[in-house]
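The lines below spell out each chain.
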Amino acid sequence: QVQLMEAGGGSVQAGGSLNLSCTASRSLRCMAWFRQAPGKEREGVATVSSTSATYYKDSVEGRFTISRDNSVKTIYLQMNSLKPEDTGIYYCAAGFWRGRDDCFFDDDQYNFWGQGTQVTVSS
């Protein structure tokens, strides 16, 4: 079992920034951030592979940056220019995906999930 713990959520006004972190008990091939707004389905936000290849949801491209530091088994999500539409619970996910493709938002690529951290962006 891999345990994940998110931190860094909070409330910020539109246009502001937040930096989320997720520390894992073990760093895996694919690590990612997902989010879920009230009444909405969970959606992928950003992923990072063991080679540091990244993939973003179109609506956050250019505003969010995902990175990983394997020495401390942590991934980060730097969120700039936040919008009210970014509000939701952000979940850290990790998986031992061994396929040839990089890490995307496929459920099959992720085996472990954190408890989530709330991000609220007000207008």
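Structure: above.
Residues numbered from 1 in each chain as written. Predicted model: local features only at pLDDT ≥ 70, side-chain atom pairs only at ≥ 80, totals over all residues. Heavy atoms only, no water.

**Some points on the nonpolar core**
Right, on to step 1. By size, the foremost hydrophobic cluster in this structure holds 27 residues, and its most contacted members are L4, W33, V45, F64, L77, M79 and Y90.
Right, on to step 2. Within the residue set of this core, elements represented by two or more residues are β3 (18-24), β4 (30-36), β5 (43-49), β7 (64-69), β8 (74-79), β9 (88-95) and β11 (117-122).
Right, on to step 3. No other element matches the 4 residues that β3 contributes to this core.
Right, on to step 4. In this structure, M79 is in contact with G16, S17, L18, L20, R63, F64, Y90 and V119, ignoring residues within four places of it in sequence. (Core = buried A, V, L, I, M, F, W, Y, C linked by side-chain atoms within 4.5 Å. Buried < 20%, exposed > 50% of the residue type's maximum accessible area, 1.4 Å probe, protein only. Helix = DSSP H or I, 4+ residues; strand = E, 2+ residues; numbered from the N terminus. Contact = heavy atoms within 4.5 Å.)

**Description of the packing of aromatic side chains**
Right, on to step 1. Counted by the stated rule, this structure contains 7 aromatic pairs.
Right, on to step 2. The structure contains a cluster of three or more aromatic residues connected by ring pairs, namely F34, Y55, F104, F105, Y110 and W113.
Right, on to step 3. It is R42 that lies over the ring of F34; its NZ or CZ is 5.6 Å from the centre.
Right, on to step 4. Looking at R42, its charged tip hangs above the ring of W113, at a distance of 3.8 Å from the centre. (Phe/Tyr/Trp six-rings, centres within 6.5 Å; stacked < 30°, edge-to-face > 60°. Lys NZ or Arg CZ within 6 Å of the ring centre and 35° of its normal.)

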